[in-house]
Amino acid sequence: MEEVEGMVGWLLGKLKWLTVLCAIGGPILAFACWQDGHRRRDVMAMGIESEATIDSATRVKRRRGGTNYKLDLSWMDRGGLRRKVEGVSISHALAGQIIVDNQLAIDSLPIKYIAGEAGSLNAGDNVIILDDTAHQERTDRELVYAGLGAGVVGLIGAALFFLPRRRRRDAVAA
């Protein structure tokens, strides 16, 4: 019996800290995805459309089973200056269209970008791939809701675990 109580106590302890993690991490995730969606809308509204050459595509497999796809792109701007950006993330759906049998099936994509300084380290933040915009917006919207939901659940759970409770004292016979 003590072993079961010990296991339940250990599990509740882990659950308590998971609620704290959700209460903090959920809103951070929601804000980051909201900010990414806002940046994308700015580029769509104010960006310059161009055709970018795919210099390379990279598949990054993580230890825990996730896979990310990134493209290195280059294009000529209106002034004839060659621009280049590395590591532009794309969705799995677009990657499936671009990479077929471990080879590039297409060599260029329509993009929109906001002109910044040439060679800027954050140039990739101002480039979006038009064929992938709808998928990226949907993902950001879903993650905003998931982050907010995790935050609410985390706050409620943390309140239940951490707020002091009144304990009923057993009457002591006099």
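For the structure, see preceding data.
Residues numbered from 1 in each chain as written. Predicted model: local features only at pLDDT ≥ 70, side-chain atom pairs only at ≥ 80, totals over all residues. Heavy atoms only, no water.

1. Comments concerning a nonpolar patch on the surface
- Among the surface-exposed residues, Val-4, Val-8, Leu-12, Leu-15, Leu-18 and Leu-21 lie close enough to one another that they form a single nonpolar patch of about 530 Å² accessible area.
- Of note, Leu-21 is situated in helix H1 (residues 2-46). (Patch = residues over 30% accessible without salt bridge, like charges linked within 9 Å, V, L, I, M, F, W, Y side chains within 5 Å. Areas by Shrake-Rupley, 256 points an atom, 1.4 Å probe, with all protein chains shown as cover. Salt bridge = Lys/Arg side-chain N within 4 Å of Asp/Glu carboxyl O. Helix = DSSP H or I, 4+ residues; strand = E, 2+ residues; numbered from the N terminus.)

2. What to know about the nonpolar core
- Of all hydrophobic cores here, the largest spans 19 residues; its most connected members are Leu-71, Leu-73, Ile-90, Ile-98, Ile-111 and Ile-129.
- Among the elements that take part in this core, strand E2 (residues 67-76) stands out by supplying four residues, more than any other.
- In contact with Ile-90, not counting residues within four places along its chain, are Tyr-69, Leu-71, Ala-95, Ile-98, Ile-129, Asp-132 and Gln-136. (Core = buried A, V, L, I, M, F, W, Y, C linked by side-chain atoms within 4.5 Å. Buried < 20%, exposed > 50% of the residue type's maximum accessible area, 1.4 Å probe, protein only. Contact = heavy atoms within 4.5 Å.)

3. A look at the environment of Phe-161
- Assignment of secondary structure puts Phe-161 in helix H3 (residues 133-162).
- Residues Phe-161 and Thr-19, 142 residues apart in the sequence, show an inter-C-alpha distance of 8.7 Å.
- Not counting residues within four places of it along the chain, the set of residues in contact with Phe-161 comprises Leu-12, Leu-15, Lys-16 and Thr-19.

4. Section: the sheet that holds strand E6 (residues 108-113)
- With respect to topology, five strands assemble into an open sheet ordered E3-E2-E1-E6-E7, the strand pairing being antiparallel. Two strands lie at the open edges of the sheet, namely strand E3 (82-90) and strand E7 (127-129), each paired on one side alone. Pairwise comparison of adjacent strand axes, ignoring direction, gives a mean angle of 40 degrees for this sheet.
- For E2 and E3, the ladder comprises seven bridges, and the chain directions are antiparallel. Looking at the pairing, Leu-71 lines up with Val-88 of E3.
- Seen against the sheet, H1 touches strand E1 (48-61), E6 and E7 and runs at an angle of roughly 85 degrees to E7. (Pairing = 2+ DSSP bridges. Axes fitted to C-alpha atoms, helices over the stretch in contact; angles between N-to-C directions.)

5. Notes on the packing of H1 against H3
- Two elements in contact, H1 and H3, have axes separated by 6 Å at closest approach and are oriented at 150 degrees. When the axis of H1 is compared with that of H3, the two are roughly antiparallel. With respect to the hand of their crossing, H1 and H3 are arranged in left-handed fashion.
- Here the contact of H1 with H3 is composed, by residue class, of 20 nonpolar, nine polar and five charged. (Parallel < 35°, antiparallel > 145°, perpendicular 65-115°, else oblique. Left-handed = near helix turned anticlockwise from the far one by under 90°. Nonpolar A, V, L, I, M, F, W, Y, C, P; charged D, E, K, R; others polar.)

6. Notes on the side chain of Ser-50
- Positionally, Ser-50 belongs in strand E1.
- For Ser-50, a relative accessible area of 16% translates into the label buried.
- The contacts of Ser-50, once residues within four sequence positions are left out, are Trp-75, Met-76, Leu-109, Pro-110, Ile-111 and Tyr-113.

7. Examining H1
- Between the first and last C-alpha of H1 there are 65 Å, a value that for 45 residues agrees with the 66 Å anticipated at 1.5 Å per step.
- At Gly-25, H1 shows its largest kink, close to 25 degrees, and the proline Pro-27 lies no more than four residues downstream.
- If you follow the buried residues of H1, they end up packed against E6, E7 and H3. (Expected span 1.5 Å × (residues − 1). Bend = angle between axes of the 7 residues up to and from the residue.)

8. A closer look at the packing of aromatic side chains
- Counted by the stated rule, this structure contains three aromatic pairs.
- Centroid distance Trp-75 to Tyr-113: 5.0 Å. Interplanar angle 50 degrees. Geometry classified as tilted. Residue Trp-75 is found in strand E2, and its partner Tyr-113 is found in strand E6; the two are separated by 38 residues along the sequence. (Phe/Tyr/Trp six-rings, centres within 6.5 Å; stacked < 30°, edge-to-face > 60°.)

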